[in-house]
Amino acid sequence: MQRIAIFPGSFDPFTRGHEALVGQALRLFDRVIIGIGNNLEKSGLLTVENRRRLIADLYADEPRIEARIYTGLTGDFARQAGACAILRGVRNTTDFEYERTMEAANHRIYPDITTVMLFTPSEVADIASSTVREVLAFGRTVDEFMPRGIHIEDYL
Ligand code: PNS
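On a predicted model such as this, the values are computed, not experimentally measured, just so you know.

Thresholds applied
Residues numbered from 1 in each chain as written. Predicted model: local features only at pLDDT ≥ 70, side-chain atom pairs only at ≥ 80, totals over all residues. Heavy atoms only, no water. Helix = DSSP H or I, 4+ residues; strand = E, 2+ residues; numbered from the N terminus. Expected span 1.5 Å × (residues − 1). Buried < 20%, exposed > 50% of the residue type's maximum accessible area, 1.4 Å probe, protein only. Arc of directions from axis to C-beta. Contact = heavy atoms within 4.5 Å. Polar contact = N/O pair within 3.5 Å; in protein donor to acceptor, adjacent residues only side chain to side chain. Phe/Tyr/Trp six-rings, centres within 6.5 Å; stacked < 30°, edge-to-face > 60°. Pairing = 2+ DSSP bridges. Axes fitted to C-alpha atoms, helices over the stretch in contact; angles between N-to-C directions. Core = buried A, V, L, I, M, F, W, Y, C linked by side-chain atoms within 4.5 Å.

*Asks:* I'm lost on helix H4 (residues 93-109) in this one. Help?
*Replies:* Every α-helix winds through 3.6 residues per turn, so residues three or four apart in the chain are directed the same way. Compared with an ideal rise of 1.5 Å per residue, which puts 17 residues at 24 Å, H4 spans 25 Å between its outermost C-alpha atoms and is within 8% of the ideal. Those residues of H4 that fall on the buried side of the exposure criterion are Asp-95, Glu-99 and Asn-106. Summarising the axial view, the buried residues of H4 lie within an arc of 30 degrees, below the 170-degree limit, and thus occupy one face. Residues Thr-93, Glu-97, Thr-101 and Arg-108 are exposed on H4 and point more than 90 degrees away from its buried face. At its buried positions, H4 is contacted by helix H3 (74-80), strand E4 (85-90) and strand E5 (114-119). The opening residue of H4, the one whose side-chain oxygen lies 3.2 Å from the backbone nitrogen of Thr-94, is Asn-92.

This is the structure in structure tokens:
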């Protein structure tokens, strides 16, 4: 049986930090489905379709990774994907507090799906999508935040 994990998030945009977590996840699971949560009330920097395209381009040669857009509860998306785990990354204690609450809600509703926390490697633990958006808003390049070979201008 294949062990499938979903990695949910906003990914606006997907960064080098997310990439490091996906690398770790591939050592634990057979397949990783990156789920782009479509928050209908929030418009982002990138459209959800362009977020998906960026991730699909990055992993074009990696058949074990897929990017999908979803709406609704992450637990339902995990079940529909046939996943046994929800992956989330933790950089610091602020992340931890938020993740702890989300895990508890998901565990209550979907006890069959396990949330797996991965620690973001320290060399990329400073990277946040919100920082990328801010730096970009001031007109500076953000290449050092993005996975190598990915240029955000192609997805704006
Ligand atoms: O990258 P983010 O913004 O931290 O991602 C948050 C996301 C999309 C994973 C989270 O908001 C989410 O799961 N939203 C869907 C609603 C849901 O399932 N909430 C958790 C249980 S109440």
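*Asks:* Just checking my understanding: could you explain the environment of Glu-62 for this structure?
*Replies:* Along the chain, Glu-62 turns up in the loop between helix H2 (48-58) and strand E3 (65-70). Glu-62 sits in the partly exposed class, given a relative accessible area of 23%. A C-alpha to C-alpha distance of 10.0 Å links Glu-62 and Arg-31, two positions 31 residues apart in sequence. Engagement of the side chain of Glu-62 in a polar contact is seen with the backbone nitrogen of Arg-64, the distance being 3.0 Å.

*Asks:* What is the right way to read the packing of aromatic side chains from this model?
*Replies:* Where two aromatic rings form a pair, the distance of their centres and the angle of their planes describe that pair. One pass over the structure, following the stated rule, counts four aromatic pairs. Ring geometry for Phe-14 versus Tyr-59: centroids 6.1 Å apart, planes at 90 degrees, classification edge-to-face. With Phe-14 in the loop between strand E1 (4-9) and helix H1 (16-26) and Tyr-59 in the loop between H2 and E3, this pair connects stretches of sequence that are 45 residues apart. You can call Tyr-59 buried: its relative accessible area is 12%. Relative to Phe-77, the ring of Tyr-70 has its centre 4.4 Å away and its plane inclined at 10 degrees; by these criteria the two rings are stacked. Among the residues examined, Tyr-70 registers a relative accessible area of 10% and is labelled buried. Accessibility expressed as a relative area gives 7% for Phe-77, which makes it buried. Through a chain of ring-to-ring contacts, three or more aromatic side chains come together here, namely Phe-7, Phe-11, Phe-14 and Tyr-59.

*Asks:* What should I look at first to understand the sheet that holds E1 in this one?
*Replies:* The strands making up a sheet are joined through hydrogen bonds of the backbone, oriented either antiparallel or parallel. Reading across from one edge, E3-E2-E1-E4-E5 is the order of the five strands in this open sheet, with parallel pairing throughout. Each edge of the open sheet is held by one strand with a lone partner, namely E3 and E5. Shown here is a sheet whose adjacent strand axes are inclined to one another by a mean of 30 degrees, direction ignored. Two strands pair when backbone bridges link them, and E1 and E4 are joined in this way by two bridges, in the parallel orientation. Paired with Ile-6 across the two strands is Ile-86, which belongs to E4. Across the sheet, H1 lies against E1, strand E2 (31-37), E3, E4 and E5, angled at about 120 degrees from E5, the strand it touches most.

*Asks:* Quick question: what am I supposed to make of the nonpolar core here?
*Replies:* Soluble globular proteins tend to bury their nonpolar side chains together. Phe-14, Ile-34 and Ile-55 are the most contacted members of the largest nonpolar core, which has 34 residues in total. Looking at this core, the elements that each hand over two or more residues are E1, H1, E2, H2, E3, E4 and helix H5 (129-137). Apart from the residues within four sequence positions on either side, Ile-34 is in contact with Phe-7, Phe-11, Phe-14, Val-22, Ile-55, Tyr-59, Ile-65, Glu-66, Ala-67 and Arg-68. The next biggest cluster of nonpolar side chains, apart from the first, holds eleven residues, and it includes Ile-6, Ile-33, Ala-81 and Ile-113.

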